[in-house]
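What the coordinates show
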Amino acid sequence: MHMKRILCTLLCLILTLPLTALCASAKNFVPYLAYEYNAEEESVPAPVGYEPEGFYLGTEIGVGAFSNPTDLCFYNGELYILDSGNSRIVVTDPDLNPVRIIGELEYNGETLQYAGALGLYVCHDGTILIADTENHRIIECANDGTVVRLLEKPDTTMLSESLVYRVKKVIRDYNGITYALVDGVNDGAITYMPDGSFGGFFASNEVEQTAQAILNYIWRQFMTEEQIRNSVAASPASFTNFDLAPEGFVYTVTQSTENVSGVRLLNFKGSNIEQGADYGDLEWDRKVRGTVSTTFVDIDMDEEEYLFLLDSTRGRVFVYTKDGSLISVFGGKGDAVGTFTSTQAIETYGGKAYVLDNIQGSITTFAPTDYIHTVRTAHNLHEEGDYLSAKQYWEEVLKVNSNSTVAYYGIGMALYEAGENAEALPYFRLAYSNKGYSDAFSEVRKDFVKTYFIWLLLGAVAVIAGILVLSKALKRRFARANAYETSALERKYSAPLFTVFHPIDGFENLKLRKGWSLPLAFGMLTALFLTLTASWFWTGFSFNTNRASDYNVFITLLQAYGIVFVWAIANWAVCTLIEGKGRLIDIFGTTVYSLLPFIVALLVRMVVSNVMTQDEAAFLYFIQVFGVIWSVVLIFTGFMSIHEFSFSKTILSFLLTLLGIAIMIFLAILFVGLMQQVISFVRSIWSELVMMM
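Below, the structure is looked at part by part. (Residues numbered from 1 in each chain as written. Predicted model: local features only at pLDDT ≥ 70, side-chain atom pairs only at ≥ 80, totals over all residues. Heavy atoms only, no water.)

As a further point, take the nonpolar core. If you look at the biggest cluster of nonpolar residues, it comprises 44 residues, and the most contacted ones within it are Ile-89, Leu-105, Tyr-114, Ile-128 and Ile-130. In contact with Ile-128, other than residues within four places in its own chain, are Tyr-80, Ile-89, Ile-102, Leu-120, Tyr-121, Val-122, Ile-139, Glu-140, Cys-141, Ala-142 and Asn-143. Among the nonpolar cores identified, the runner-up in size contains 43 residues, and Leu-398, Phe-428, Tyr-432 and Phe-441 belong to it. (Core = buried A, V, L, I, M, F, W, Y, C linked by side-chain atoms within 4.5 Å. Buried < 20%, exposed > 50% of the residue type's maximum accessible area, 1.4 Å probe, protein only. Contact = heavy atoms within 4.5 Å.)

Put into structure tokens, the structure is as follows:
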């Protein structure tokens, strides 16, 4: 009997093991996929950086149900929750255990309600600021809830009298200056001085130069004053939220009209000192069918200066280093723990992230995984300049995430610091670090020159001597026999070479003898197309910021063929009116033949860029500018010759040609817009017919 009990117990244990394992896996279940971006700005899988740890409703933590909670703030190890619908502030410890509740406030014998408030901030001295949105004020109170004063709409002509003063967010810096984001104010944050007086506006976004904004600006130049008054002028986008960074700087996020929202770091003067990194989802411009619009609603910087950006569009949190490198993405839309219905605010404390969902009335906590601990440890060592110590952690990162560009860069820097420059090059390539690659390549090249200096010197002498001998031989070969004969360079298929050095005689002879070769001209345009394509892919890595996935063959064809055709047609149309003598084929041939120096300069720049570093970029710039100037001079002198214009009349013809091109582009835009409206109208009619059937 005893043996039977033992056997039954063992059998029960065996049967419950799968269930135990299932429960364990359910506990660690993560309802979202983590990813990051590679050098091509395409999302690639990555290990989960932050896992959902807890899900808290007001009823579960013992303070009653939350009603439209709108903001969070940590101070002195306590979490302040703005429970807007209940007009209260719930204070808890980091584990969401209640500490106290700040409810109705008293001020000068009056009870203050702040239902509908959207912003909460606890200053470094414990002062609580409430953006009392619906009551058009800021409530300032001590940490125990004693109201100190009310900051209301400033009495200034800089704000419209009709403006409804709806304060959305509020912060205060270490100098006692209060910053308020007000709905409908796009001149920047409204500031209050320590004494409560109006301090003016702090920073603002620039007007976004979208195609529509530029078109509206052009239209306004032709409007009457009354039409301008009735039109809507382009204005900068308002800040969505902000956070006070160390050293008193202010981080802001903006709901941009473009698909990637902006993050700015503002100094005391309100100037943006952010390095221009791209934040949010980046694939919108490549995957048209899966367009993603990132809308950041909150930003928080943790104790180690990592940025946490909260996206309301997809319910995700993006984690960046302070220099803009993405290290983790977590969260999402849904009903499972770790996903959200409507993200509203984010705070960090003790390495954890706290995300507020105002519709669910919940707070979800996220804990860092071992993977993100390793990433952050490596990055912290990297920031301290201890690249060699960071290397082992970056190698651990690559073992579980071969897509990590920050890890490749970290290892590249460690190898560069150790003097292993050749070994560092492939890592900088994988990290797509042009600067790091250039620095390492400079050392590799220096070592190469030291090793093979004698051979390189002899090779340079041989090349120079060969060029001199070859130039003399070519000069004898292609020289004119006498003043009445043409040289070999002036023949039909070598004419472009002659016009490079003798543009006036060359283009005049081509016009008089009708020596243009259309196959040669189109061949040169094809050579330009191939050169532009090759430059896109094969320019030296130190200077190549192009990405293979961005290459567009149609745009390159337009650059090589379309611009020349439009220029030739516009110039022909203009010069016909001002008595130009050149035919369309003369204009086309002169334009194409004159591009030879530009094509050669592009080729030389591409080749030389593979042996140059970023410190020598001026040399590459000189090559390109030299080619452009030479081609422009050839076009100018060539047009003087074929049209028989004076210097001033040639300049006039060029200006009129540019005006003609602008008119052609304008008409093309109008035509495309009209066609879109026609197509839209036809589709609507078709939809009506289908519904009637």
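Still more to cover.
What follows covers the pairing of strand E14 (residues 167–172). With 6 of 6 residues buried, E14 is to be regarded as a mostly interior element. Pairing geometry for E14 and strand E15 (residues 178–182), over 5 bridges, is antiparallel. Across the sheet, residue Val-167 finds its bridge partner in E15, namely Val-182. Counted along the chain from E14 to the antiparallel partner E15, the turn is 5 residues long, and its residue Gly-176 has a positive phi close to 85 degrees. (Helix = DSSP H or I, 4+ residues; strand = E, 2+ residues; numbered from the N terminus. Pairing = 2+ DSSP bridges.)

On to the sheet that holds strand E3 (residues 50–57). Across the sheet, which stays open at both edges, the 4 strands sit in the order E3-E27-E26-E25 with antiparallel pairing between neighbours. A strand with exactly one partner marks an edge of an open sheet, and here the two such strands are E3 and strand E25 (343–349). With direction set aside, neighbouring strand axes in the sheet form an average angle of 20 degrees. In terms of strand pairing, strand E26 (residues 352–357) meets strand E27 (residues 362–368) through 5 bridges, oriented antiparallel. (Axes fitted to C-alpha atoms, helices over the stretch in contact; angles between N-to-C directions.)

Here we have 4 strands laid out as an open sheet, ordered E10-E11-E12-E13, and antiparallel in their pairing. One side of each edge strand has no neighbouring strand; the edge strands of this open sheet are strand E10 (119–122) and strand E13 (147–152). Neighbouring strand axes in the sheet, compared pairwise and without regard to direction, differ in orientation by 15 degrees on average. Where strand E11 (residues 128–132) meets strand E12 (residues 137–141), 5 bridges bridge the pair, whose relative direction is antiparallel. Residue pairing across strands places Leu-129 opposite Glu-140, the latter belonging to E12.

One can find Asn-358 in the loop between E26 and E27. In this structure the side chain of Asn-358 is engaged in a polar contact, spanning 3.3 Å, whose partner is the side chain of Asn-68. Among the polar contacts made by the side chain of Asn-358, one reaches the side chain of Ser-342 at a distance of 2.9 Å. The contacts of Asn-358, once residues within four sequence positions are left out, are Asn-68, Pro-69, Ser-342 and Gln-344. (Polar contact = N/O pair within 3.5 Å; in protein donor to acceptor, adjacent residues only side chain to side chain.)

Now for helix H11 (residues 503–513). An α-helix turns once every 3.6 residues. As a result, residues three or four positions apart point the same way. Taken as a whole, H11 has its buried residues at Pro-503, Gly-506, Phe-507, Leu-510 and Lys-511. On an axial view of H11, the arc spanned by its buried residues comes to 125 degrees, and they lie on one face. Across from the buried face of H11, at angles greater than 90 degrees, the exposed residues are Leu-512 and Arg-513. Turning to H11, the residues buried within the fold contact helix H10 (495–501), helix H14 (584–594) and helix H16 (617–643). (Arc of directions from axis to C-beta.)

Moving on to the side chain of Asn-401. With respect to the helices and strands, the residue Asn-401 is situated in the loop between helix H5 (387–400) and helix H6 (405–417). The exposure class assigned to Asn-401 is buried, which follows from its relative accessible area of 2%. A polar atom in the side chain of Asn-401 sits 2.8 Å from the side chain of Tyr-371.

A word on the packing of H11 against H14. Between H11 and H14, the least distance of the axes is 11 Å, while the angle of their chain directions is 145 degrees. As for how H11 packs across H14, the hand of that crossing is right-handed. Of the residues in H14, those in contact with Phe-507, Leu-510 and Lys-511 of H11 are Asp-586, Thr-590, Tyr-593 and Ser-594. Split by residue class, the contact of H11 with H14 holds 3 nonpolar, 2 polar and 2 charged. (Left-handed = near helix turned anticlockwise from the far one by under 90°. Nonpolar A, V, L, I, M, F, W, Y, C, P; charged D, E, K, R; others polar.)

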